[in-house]
Amino acid sequence: MSSGPNRGQRRNPLLRARFEAEPAPSMTRINASIAFDKRLWAEDIAGSKAHSAMLVAQKILSPEDGAAIAQGLERIALEIENGEFPFREEYEDIHMNVEARLSELIGAAAGRLHTARSRNDQVATDFRLWVRAAIDRLDLALKRLQEALIDRALEQAATVMPGFTHLQTAQPVTFGHHCLAYVEMLGRDRSRFADCRRRLNESPLGAAALAGTSFPIDREATSSALGFDRPSKNSIDAVSDRDFALEFLSAAAIAGMHLSRFGEEIVIWSSEPFRFVALSGAFTTGSSIMPQKRNPDAAELVRAKAGRLNGSLVALLTVMKGLPLAYGKDMQEDKVPLFEAADSLELSLAATEGMVRDMRIDAVRLRRAAEEGYANATDLADWLVRALGLPFREAHELTGRIVRLAEKRGVSLGELPLSELQALAPAITSEIYGVLDISRSVRSRKSFGGTAPERVRAAVAEARRRFLE
């Protein structure tokens, strides 16, 4: 009978032959990963099916054993899907849990499944399959958010708003043009994930522990069966590489940063001093003490999730930075940050898409804000260059004096009397008032990538072709 700290602990029955003592309780807890890596169950079963089929084809495993293994794995998949599978900590991880249950179901044939493979190449394969599927889900979510933004961009193609630099009113733009800026960012996010997917799509299966195997396996067959482009070329690299996970986390952190910026804008825009947009009760909450409040909690939480994504990337970078080749148990810590990052980003994308479609846009207030902030000052400077032939720096200085005069009078640039403008520059004519209209200012920005409504509508059509078709 065991005594002391080891009482009640059991070593993994499939691996205990090498050991005399049972593990300490803390060893059992720190060593077990089943609490989180059970998320890999579908990938683990798919990999085992492909491996077993290959062993049969290579005459390493009998057809009878192969059939029993395939049937047993199908039974296990159904048990997990139905919530009937007994996940056990003593079996440490998803791989050993599946193998132990398979042994209970089909007997000795289950022990032949692990021929010519190791948990090292098994987990690397499962993890790549999971990340690949996560990328596909995230790409669809990114695409849906792009579609929502493109729809709003077309709807608001001529809605004038202040454009900001340093969060100070800069020049008038359209709300549609602003939406399309995020469409471009999300497009680059999708391309980063697509690049990651291409690079990770190599199969580690068959690399075994680190050196390959002496059995006459067919790695091309298992690679093809699992949808990989090719088997990995170096067995050491195959089991010890996690840069595909780091690349995923990097892409996720950048995408989260983009969503955080948009979330910040929604927080600002929906605040009482701005009131550019309003969110319904579907994406806001109330205050426990102030009944008038409507808090943009969804936007704030999207903003906050960026911190979780950044932390996941730094966590795995730190795990990997000092590891010698090949595999180390440290790599067990690769899954939690990646799972959390994928979950956080997928939720943030869904919430952001919902807010984009939900928000009510106050076009009147947006236009008023553009008019109040002297956003047309650059148009005035450009007119002085074109109409009066002034060097731009001189026109810039003169415009600054005109803006100061308008501020002193408490009026817009268009409300200044011609006589006061001519007191500053006698050559100014009444034609100047034509360029001070906010809508005209926006319509004049027809350069490629500009904010003119006709450019926005063309950009919407082009974005639909690039990103949605």
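Residues numbered from 1 in each chain as written. Predicted model: local features only at pLDDT ≥ 70, side-chain atom pairs only at ≥ 80, totals over all residues. Heavy atoms only, no water.

(A) Structural detail: the layout of surface pockets. Here the largest pocket is characterised by a volume of approximately 470 Å³. As for the largest pocket, its lining consists of 19 residues, and the residues nearest its centre are F164, H178, Y182, R261 and E265. Secondary-structure elements contributing two or more residues to the lining of the largest pocket are β1 (160-165), β2 (168-174), α7 (175-200) and α10 (243-269). Considered class by class, the residues forming the lining of the largest pocket number ten nonpolar, six polar and three charged. (1 Å grid on protein atoms, 1.4 Å probe; cavity = no way out; pocket = protein on both sides within 12 Å on 5 of 7 lines; lining within 4 Å. Points joined across faces, edges and corners; volume = space filled by probe spheres on them. Helix = DSSP H or I, 4+ residues; strand = E, 2+ residues; numbered from the N terminus. Nonpolar A, V, L, I, M, F, W, Y, C, P; charged D, E, K, R; others polar.)

(B) Local environment of the side chain of S312. Mapped onto the fold, S312 is located in helix α11 (residues 297-320). Reaching out from S312, the side chain makes a polar contact with the backbone oxygen of P337 at a distance of 3.1 Å. Residues within four places of S312 in sequence aside, it is in contact with L249, P337 and A341. (Polar contact = N/O pair within 3.5 Å; in protein donor to acceptor, adjacent residues only side chain to side chain. Contact = heavy atoms within 4.5 Å.)

(C) Quick look at the pairing of β2. Looking at chain direction, β1 and β2 are connected through six bridges and run antiparallel. Its bridge partner lying in β2, F164 is registered against T169. The hairpin turn running from β1 into β2, its antiparallel successor, is two residues long, and H166 in that turn takes a positive phi close to 60°. (Pairing = 2+ DSSP bridges.)

(D) Summary view of the packing of aromatic side chains. With the rule as written, the count across this model stands at ten aromatic pairs. With 5.4 Å between their ring centres and 50° between their planes, F175 and W269 make a pair best called tilted. You can see F175 sitting in helix α7 and its partner W269 sitting in helix α10, a full 94 residues away along the chain. A relative accessible area of 3% means that W269 is categorised as buried. Among the aromatic side chains, those forming a connected cluster through ring pairs are F127, W130, F244 and F339. Of note, R39 hangs over the ring of F339, and the distance from its end group to the ring centre comes to 4.8 Å. Of note, R132 hangs over the ring of F228, and the distance from its end group to the ring centre comes to 5.1 Å. (Phe/Tyr/Trp six-rings, centres within 6.5 Å; stacked < 30°, edge-to-face > 60°. Buried < 20%, exposed > 50% of the residue type's maximum accessible area, 1.4 Å probe, protein only. Lys NZ or Arg CZ within 6 Å of the ring centre and 35° of its normal.)

Bear in mind that shape data such as this cannot, by itself, settle questions of function.
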